Structure formats: C-alpha cells, structure tokens
Amino acid sequence: MPCLIDAHGSRPSSSVSVAVIRSLTKGLTHWLNARGKSVMDLTGCANPLPRFWCSAVLFWAGDGDRSAWPLSAFSFLIILGNLGTLYGINVWSGELFDALEKYQTRTVFFLSLIYFPLLAISVLVVLGQVWARMTLQRRWRAWLNRHLMDRWLANGRYYQLNLLGGEPKNPEFRIAEDLRIATEAPVEFATGLISALLSAATFIFVLWSLGGPLDLEFAGVHLAIPGFLVITAIVYAVLATMSIAWVGRCFIPATEAKNQAEAEYRYVLTRLRENAESVALMRGESEERAGVERSLGQVLRTWREVCFQCLKTTFVSQTSGFFAPILPVLLCAPKFLNGSLTLGQVMQAASAFTIVQAAFAWLVDNYPKLGDWAASARRVASLMTALDDLERAERGNGLGRITVDRVGAQPALRLVKLSVTLDDGTPVVEKVDIAVRPGERLLVVGDSGTGKSALLRAIAGLWPWGHGRIEVADHARMFFLPQRPYVPLGTLRQAATYPDTADARSDGAVTEAFRSVGLEHYLDRLDAEAPWDQILSGGEKQRLAFARVLLRGPNIIVMDEATSALDPRSQALLMGLLLQQLEQATIISVGHRPELEHYHDRKIVLEGSGGSARIVSDIPIAPQPPSADRFPRGLTRKVMATTVHKIMVNSRLSGMALLPPNPARDI
C-alpha cells in the first residue's frame, strides 16, 4: 500500500542521523507488515495532524527525496552563518558607538570600512538561506504531492471519494492549495525556530556579560538582580506569548472555515463554467448568480472572523514590537548615567535585547501563519484519512469489500453472490448471481434508483462496498461507456484516443472511426486545441465514445445509458455499427428505451424491495423477425453527412453559437 512505511530502496549515507531514522523506519515497517497494519492504523482520526506528519516526514526517510538531507544540512549551516553575521554586527555596533562617544575619528572611519564586508557577507548568507528554504519547500511539496496523487488516483479512489458523505470536500483544492501551505510553512517554522533558539542562546550570553547585576535600594535594603536584562527579556517574551496564545485561541478554526469556504466558492464558479451551455439554454443566470452570491457571502463571513482574529493578534504583536527597542535602553540608562556602561555597550545591549526578545517572541510573530498552516495541514490530513479508509476497504477490513478476480476464458463475466452496499453498509443491490457468456449481449433494466448504475460501477471496480465476487475472464479487455462521456483538454484527436496518447492510433484509423460514427464534419479540426467539452453536444460526445470503442476494440463493453442523448435513428446506426464491427464482443448495458432490446439477446430486470433491489427476472430476448428493420432505412452515411452539414450551415447563418434543443443535431 502507498501509505506503508517503506524502507526498501534506501540509499547508503554516512550521516548517523540518517542511519538511525532509516533503521527505525525499517524496524517499524517489519513490525507493521507482520501485523497487516500501516501508518494509518497508528494515528486514528481524532487528531488529523499526526496523520499528516506520519506521511510528510517520509520525505527524509525511506524512499524519500535524495536531496532532503543535504538541503536540510545546508540550511542549518546557513543559519549558523547568519547567526555569526548577527553577532559580528552586534559587536561592530558597540565599537562604533564607543568610538563616536570618544570622538575617535580614525576608529569610526575604520569601522565604517569594515561594515561593507559585513554587509556583503550578511546579504550572501540571507540569499543562501532563501535559496535553501525555497528549494526544500519546492522539493518537499513535489514529493508529497506525488505521494498523495498516487494514492488519490489509485483504484478509482478519486471517484469513490465523491460517493462518501462528509469529509473530504474539494480534494482538488486540498491538493493544490492546502498541500502548498502545509509544506511551505513547516520549513519556514523550522528555520525560524532553530534560528530563534540559537540567537537566544548566543545573545543571552551577550546580555548577561554586558548588563551584569542591577543594584537597587529600597528602604535601606540593598537588592542585586543578576542578569537583569536577561530576566526582563524572558519575562517580557513569556507575557507576550501568553497574550497571543489567549487572544488567538480561535484563529485556527476560523482559518480552517475560511479555507473551506474559499474552496466551495471556487467549486461553484467552476461548476457554472462547466455547465455553461445548460445554464444559458435555460436562462438560469439569476439563480446561478444567487448561488454564487450565497457562496461568496459565506467566504466574506469567514474572512470577517479571520479579520477579527488578526486584529487581536496584531494588537499584541505590534504593541510588543514597539516596546522591545525602548525597554533595554530605559533599563540601561541608570548604569550609563553613573558611568557603569558606555554608550556602545548600551547600544550593543539594546540590539542584543531586541534579538533575544524577538527569538523568545517567535510564537507571537508567527501565530497567524501557524494557524493557517494547522488549518491547511488538517484538511490535507482529512483527505489522507479518507484515503486510508478506502485502503482499509480494499484490504477487506471494516465493511465488506467486493472482490474482483481474473479467471479462465469461460464465462466472460460472472457475478457470484454479489451484493452492493453504500459506504455505511446500507444495501443497494442484493444477491446477484449471473454469468455472461463470451459474445452475449445483456441488457439490465429497472426503475430509476434500483441500483443499475451502482451494479455497473461495481463491475468496473469503482464501487468497493458490498459482498461477493466478480469474476472476469483472463486477458479480457473491458471498456466502459458512461452516460456523460469525458472529453479531456487538448485536441479532438486526444479526446478520440483517450485514455491512450494521441499518437496511439494511426490517422487512417481515427478518420475511419469518425466517419463511421457520423463525426466526419470535425475531421479538419482533429488537431485543433479547443474547449471540446463545451463545443460538442451531448449526442456528439456519445458518438465520440463509440469512436473510442471502435479504436480500442475491447471484448467486454459495459454501457451505462450510453445512447440516451441520441435520437432513435442515430442510436440504431451506432448500435448496429457496434454489433457489426465488434460482433464477438460481450456487451452489458443499462438503458430505459424499449428499442434497446433489439440489440441484446438477454435481459435482467431489477426491482426495488425494502430499500434495496433484487433480480426479479432473467429472460432471453427473442430474435427480431426478418421484417423488423432494426436499422432504419435510408440512414446511410451520405444522408447523415448531408443532414449534419445543413445543421452546421444554418447555425452559422443564424449567428448562433449554441443550437437550440433539436433532435436533428444529434443525427
């Protein structure tokens, strides 16, 4: 399973830390595999953040990216270099102000010259830090994106997620946007936190050595506070951190709600664009606008809540930031006035105090980003958890799982004690036992909602929930024709050869297929890139699906209302074409039209009973008498081409971009 921790293929490394992590990973792998478990079984769903990390950290272990550890080590070295330049500039600042106080012109001039090399080194270090950070973010995102996409696209899970209730919604937004934030922010946090800790440790020493003890007199009592600047910096940072944690306690849920609202708003707009023709024909702009406004209203409400949270956290962080540079100067003023500290030492202490306070206040400054990251990581983890559930179903854990096996050549397809259920165990179709012989043409009929499409999805392996077994003939090539054929982006040739590449079929084969299904008026635009999903009518898309079948030549064809957008004449032509050119193929189709019986030799009827459906009849269909013309007379390829040409010409003359509903358009 993709989520299993896999130590195989790991590369030798001299790093002790890498060896330790990989040894632990390998041991955990063997322990989990011996028990039939995976990482998902260790985390559960109560807190999704551990589920995110158990997959994300594999970037540095197992079969992760080769550059992960070198980039991480380089980033750490850059942090040390940046700390060194900060310390150098701090010492330089003290020397400069001491020289100014003593009017030492030559020293000031010399220190001014030294500043430029320090500045150049500082800039180079910062540039290196930016490069290392962004490269590590980019590679981590790419690796985790591939890891998640492999799981999402495997075994039709991207489709099965649509059948699940609740989470996760909008998986495309989670992969594109939430995954970006979830991988970018931790790298920034890690580098920032390490830098803050090292800076605090270094400049606490500077503060302790410069500030010394603070002597106070109260009512004749002498009080000496050692390292008063250090104590003040720590107390100040703790108060600021506690304040930001208290005022920002609702920041993470507010950010998560905002991200979900944004995802749903994008989905509403995308759905409107994809169904533009239907909306335009029905003049549904007002209703769609109302839906868009409702979704936008939800976005703005969540944004308002995030705005309130940002105002509270910004108030604390800005107030803290304004006090930080002034407070050490005020604290050092008594010692400067009595001559215990020089001006340079005061300024050096002030600079060190600011650095220490900023290090301790790292959470204050990064709390909004931390909340945004936590919200995005939780959404990615929810997607991972949903994929975990599907993988459990594939392994047979939890609810029943339909198994699909490859058997011998006879029969072409067999359903053995098959029951189809919802993901919560609710039965849809029960106790199906049928065998379909090679070359047999089976028609599945029944009222709407009796589970016909669910049965076909189970045959396709897209519907995993249920019980029983599906046996498919070994070496069988199965092809599905859905009611709404998918038209990918790109050229019409790519759409015709999908899911193969555009050059998988010869020009002659594609041309012949288009002519056979009545799409020859598009032959001069085969290699034109256009929004074909919007250009082609429903009937033309179904014709395109038949062209795909002819190009692939499968021996098992499963059709789900594959001719519903065609008029009877066109349906007769395409079904007759299918039977003539693929006469040895096994056909299993779902349909409501009575005339479909002419092209099948067996029919099963599903009937609902008690919330689920069963087969109530399984009967052969008598062959049509010779006088019954199942292929309409006069429907030749020439007549069809002439009819289509007239429709296209009339459309251009009328200036209409879209044709009104007219059965002739699908002829």
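Fair warning: this is a prediction, and the values are worked out from it, not measured in the lab.

About the thresholds
- Residues numbered from 1 in each chain as written.
- Predicted model: local features only at pLDDT ≥ 70, side-chain atom pairs only at ≥ 80, totals over all residues.
- Heavy atoms only, no water.
- Helix = DSSP H or I, 4+ residues; strand = E, 2+ residues; numbered from the N terminus.
- Buried < 20%, exposed > 50% of the residue type's maximum accessible area, 1.4 Å probe, protein only.
- Contact = heavy atoms within 4.5 Å.
- Areas by Shrake-Rupley, 256 points an atom, 1.4 Å probe, with all protein chains shown as cover.
- Expected span 1.5 Å × (residues − 1).
- Bend = angle between axes of the 7 residues up to and from the residue.
- Core = buried A, V, L, I, M, F, W, Y, C linked by side-chain atoms within 4.5 Å.
- Patch = residues over 30% accessible without salt bridge, like charges linked within 9 Å, V, L, I, M, F, W, Y side chains within 5 Å.
- Salt bridge = Lys/Arg side-chain N within 4 Å of Asp/Glu carboxyl O.
- Pairing = 2+ DSSP bridges.
- Lys, Arg positive; Asp, Glu negative; His and termini not counted.
- Polar contact = N/O pair within 3.5 Å; in protein donor to acceptor, adjacent residues only side chain to side chain.
- pLDDT = per-residue confidence, 0-100.

Within the protein, the secondary structure is distributed over 20 helices and 12 strands. Within the span of the protein, comprising 667 residues, buried residues form 45% of the whole. Here the analysis covers contacts within the protein between residues at least 6 apart in sequence; of these, 77% occur between residues at least 24 apart. Surface summary for the protein: the accessible area is close to 33,500 Å², and the carbon and sulfur share equals 61%.

Our focus in this paragraph is helix 7 (residues 171-211). Between its terminal C-alpha atoms helix 7 stretches 55 Å, which fits the 60 Å expected from 41 residues at 1.5 Å a residue. At D178, helix 7 shows its maximal bend, which comes to roughly 35 degrees.

Before going further, it helps to spend a moment on the nonpolar core. Ranked by internal contacts, the top residues of the largest apolar core, which has 67 residues, are F52, W373, L415 and V420. Broken down by element, the residue count for this core peaks at 11 residues, all from helix 13 (residues 362-395).

Once that is clear, we can look at a nonpolar patch on the surface. Residues F116, L119, V123, L124 and L127 make up a contiguous nonpolar surface patch of about 510 Å² in total accessible area. Position of F116 among the secondary structure elements: in helix 5 (residues 105-153). We classify F116 as exposed; its relative accessible area is 56%.

Turning our attention to the pairing of strand 8 (residues 478-481). Of the two faces of strand 8, the one lined by F479 and L481 is fully buried and the one lined by M478 and F480 carries no buried residue. Two elements, strand 8 and strand 9 (residues 556-560), share four bridges in a ladder whose sense is parallel. Directly across from F479, in strand 9, lies its bridge partner I557.

A word on the environment of W60. In this structure, W60 sits in the loop between helix 3 (48-56) and helix 4 (68-101). With 12 residues separating them in the primary sequence, W60 and S72 have C-alpha atoms 9.3 Å apart.

Quick look at the side chain of D567 now. If you trace the backbone, D567 turns up in the loop between strand 9 and helix 19 (568-581). Despite its burial, D567 remains without a salt bridge, the nearest opposite charge being carried by R543 at 4.8 Å. Among the polar contacts made by the side chain of D567, one reaches the side chain of S570 at a distance of 2.7 Å.

On to the confidence of the model for the protein. Of the residues in the protein, 83% have a pLDDT of 70 or more, and the chain-wide mean is 78. Mean pLDDT across the secondary structure elements of the protein bottoms out at helix 2 (residues 40-43), with 43, and peaks at helix 16 (residues 507-517), with 93. The low-confidence segment residues 642-667, where pLDDT is below 50, has 29 contacts with residues more than four positions distant or belonging to other chains.

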